[in-house]
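The chain contents come next:
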Amino acid sequence: MSAGQDGTRTERAPRAVGTVWGLLVLNTLGSAGAETIVPLPRSLIQMVTMGALVAAFALALALNLRLRVRAGAYLFLLSLLLVPSLVSSAGLESGFGALFRCARLGLFIGTLWLLSRWWDGGTTFVRHHIRMYFLVLGSVVAGALISPGAALPDLYGGRLVGALWPLTPPQIGQYAAVVTGLAVLLLLGRRTDRVSGAVVIVPSLVLLVLTHTRTATIGLLVGLALAVGSLVPTSAAARRFFAWAVLCAAVAAVGFAAALRAWFLRGQDEEHLSSLTGRAKVWDALLAEPRSIGEQVFGVGLGDKSFGGLPIDNSWLAVYHEQGLTGVGLVAAFVLVLGGVALLRPPSLSRACAIFLIGYCALASYTEAGLGDASPYLLHLAVAASLLAAPAPSAALPAPEPPRRRVPRRARQSEVT
């Protein structure tokens, strides 16, 4: 047990919780991506990722046999998302794979419920999040050192991919941006030293640049702006960082405008960029597709987040397609609830980290799918929920008995006589 900031006593999370979190991260890495140095069958990757989820649930259950959980709006609304998922998937329009994905989502949410016992508003899960995704980024670096050609293939326009595990540039960019943002905030909050912060931040930023991922870069900048801005009223370090960031941004905009524009365009013309790399065409076709009332309300069932063989790359349209308007309402509800709670909390490091994660996920949801199914985005928001949870009060400790006054033996004998 440890004492919280408000004097309450909170239960310290066992080290095995970090292992559970790592298994959840492994489960959400996915099985589709670039060609690896050693070809990995997709069935083998799916067995590993699904096995990681089963192991995570079993270990979390072993750590929390009494099923002590922390009730919260995020997990409650996320659990309700299973209802439209099951209703739409039961029709088997998306095949038996839809029911399998529902089972996976249920197991994923159940593991989060078991871990919620240790959600106390501290940065424990932030550190687990950074460590696990930094290990993933380490595998990307190892693949690039072993085979630079496989890590920077022409198929992806020379963008960095995973050569040991099939990771796409947007995935790597997302992990690098989240790790960088959280590490910067821990550094500003003096929860880590400068050397440790630099060891995490510098390589992550290099990987982010090599992925040429616009969504992750903008999400990092916007999320950090919101998070650091929330610390400015109470933190001198945040004010200095904000001032230096504005100065560096102004210098970069003036001195490196051409280079930044070339990096941002990635060799594409203005028309291709305006259509969001072809995403808009898929979105228009999805919205124009005739749907029954049931499909509008509950969707067509959990699938691979694609339409017509092309990725949807939009969380809201993917949820609408697979879980209908009901799913869209539930996803919007838990994002808004987390954002509202974060805004109502007093300034603190935990609040700033939560604001960063919520802001990043909200921005990335426009060009990335994942808010309606087991994904890294739901893990990011779970970390935000753990940061916004109030420490659980423990039972009052019994008052110590007053010390007995010792009476000398000679006095006792005199009283008897």
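Scroll up for the structure.
What this report covers is the structure whose coordinates are included nearby. (Residues numbered from 1 in each chain as written. Predicted model: local features only at pLDDT ≥ 70, side-chain atom pairs only at ≥ 80, totals over all residues. Heavy atoms only, no water.)

### Some remarks on the environment of Arg279
And then number 1: Topologically, Arg279 is positioned in helix H14 (residues 279-288).
And then number 2: Spatially, the C-alpha atom of Arg279 lies 8.9 Å from that of Leu310, the residues being 31 residues apart in sequence.
And then number 3: Once residues lying within four places of it in the same chain are set aside, the contact partners of Arg279 are Asp313, Thr367 and Glu368. (Helix = DSSP H or I, 4+ residues; strand = E, 2+ residues; numbered from the N terminus. Contact = heavy atoms within 4.5 Å.)

### Digging into the pattern of salt bridges
And then number 1: Per the stated rule, a full pass over the model turns up three salt bridges.
And then number 2: A salt bridge links Lys305 to Asp373; the shortest N-O distance between them is 3.0 Å. Of this pair, Lys305 sits in the loop between helix H15 (293-298) and strand E3 (306-307) while Asp373 sits in the loop between helix H17 (349-364) and helix H18 (376-388), and the two are 68 residues apart along the sequence.
And then number 3: Given a relative accessible area of 16%, Lys305 falls into the buried group.
And then number 4: Salt bridges here are not isolated pairs; linked through shared partners, they connect Lys305, Glu322 and Asp373. (Salt bridge = Lys/Arg side-chain N within 4 Å of Asp/Glu carboxyl O. Buried < 20%, exposed > 50% of the residue type's maximum accessible area, 1.4 Å probe, protein only.)

### Here's the deal with the nonpolar core
And then number 1: Trp21, Tyr74, Leu115 and Leu185 are the most contacted members of the largest nonpolar core, which totals 95 residues.
And then number 2: Counting residues per element, this core draws most heavily on helix H8 (residues 169-188), which supplies 12 residues.
And then number 3: Those residues within four positions of Leu185 in sequence are excluded, and the remaining contacts are Leu224, Ala227, Val228, Leu231, Leu349, Ala352, Cys353 and Phe356.
And then number 4: Among the nonpolar cores identified, the runner-up in size contains eight residues, and Val282, Leu286, Leu317 and Tyr320 belong to it. (Core = buried A, V, L, I, M, F, W, Y, C linked by side-chain atoms within 4.5 Å.)

### Section: unusual backbone geometry
And then number 1: Phi at Arg190 is positive, roughly 60°, even though this residue is not glycine.
And then number 2: In this fold, Arg190 is placed in the loop between H8 and helix H9 (194-211).
And then number 3: At His212, a position not held by glycine, the phi torsion is positive, near 55°.
And then number 4: One can find His212 in the loop between H9 and helix H10 (214-231).

### Re the packing of aromatic side chains
And then number 1: Taken as a whole, this structure holds six aromatic pairs when the rule is applied.
And then number 2: Ring centres 5.3 Å apart and planes at 70° place the aromatic pair Trp21 and Phe125 in the edge-to-face group. Note that Trp21 is positioned in helix H1 (residues 16-27) and Phe125 in helix H6 (residues 124-146), a separation of 104 residues in sequence.
And then number 3: We classify Phe125 as buried; its relative accessible area is 2%.
And then number 4: Judged by centre distance (6.4 Å) and plane angle (35°), the ring pair of Phe356 and Tyr360 falls under tilted. A residue pair is termed a helical-turn pair when its members lie 3 or 4 positions apart in one helix, as Phe356 and Tyr360 do in helix H17 at four residues. Of the two residues, Phe356 and Tyr360, neither departs from the other in class, the shared state being buried.
And then number 5: Each member of the aromatic cluster is reached from another via a ring pair, and the members are Trp21, Trp119 and Phe125. (Phe/Tyr/Trp six-rings, centres within 6.5 Å; stacked < 30°, edge-to-face > 60°.)

### A look at a nonpolar patch on the surface
And then number 1: A cluster of nonpolar residues, Ile37, Val38, Leu40, Leu44, Val48, Ile146 and Leu164, forms a patch on the protein surface that exposes about 550 Å² of accessible area.
And then number 2: If you trace the backbone, Leu40 turns up in the loop between H1 and helix H2 (42-63). (Patch = residues over 30% accessible without salt bridge, like charges linked within 9 Å, V, L, I, M, F, W, Y side chains within 5 Å. Areas by Shrake-Rupley, 256 points an atom, 1.4 Å probe, with all protein chains shown as cover.)

### Re helix H4 (residues 82-89)
Each full turn of the α-helix corresponds to 3.6 residues, which orients residues three or four apart in the same direction.
And then number 1: The set of residues buried in H4 consists of Leu82, Pro84, Ser85, Ser88 and Ser89.
And then number 2: For H4, the secondary structure elements touched by its buried residues are helix H3 (73-80), helix H5 (96-115), H15 and helix H16 (315-344).

### Some points on H6
And then number 1: In this model, H6 (23 residues) spans 33 Å end to end at C-alpha, consistent with the 33 Å of a helix rising 1.5 Å per residue.
And then number 2: Those residues of H6 not exposed but buried are Phe125, Val126, His128, His129, Ile130, Met132, Tyr133, Val136, Leu137, Val140 and Gly143.
And then number 3: Elements in contact with the buried residues of H6: H1, H5, helix H7 (148-151), H8, H9 and H18. (Expected span 1.5 Å × (residues − 1).)

### As for the packing of H8 against H18
And then number 1: For the pair H8 and H18, interaxial distance at closest approach is 12 Å and the crossing angle is 10°. Put simply, H8 runs roughly parallel to H18. Contacts between H8 and H18 involve Gln174, Tyr175 and Val178 from the former and Pro376, Tyr377 and His380 from the latter.
And then number 2: Residues belonging to the contact of H8 with H18 are distributed by class as follows: four nonpolar, two polar and no charged. (Axes fitted to C-alpha atoms, helices over the stretch in contact; angles between N-to-C directions. Parallel < 35°, antiparallel > 145°, perpendicular 65-115°, else oblique. Nonpolar A, V, L, I, M, F, W, Y, C, P; charged D, E, K, R; others polar.)

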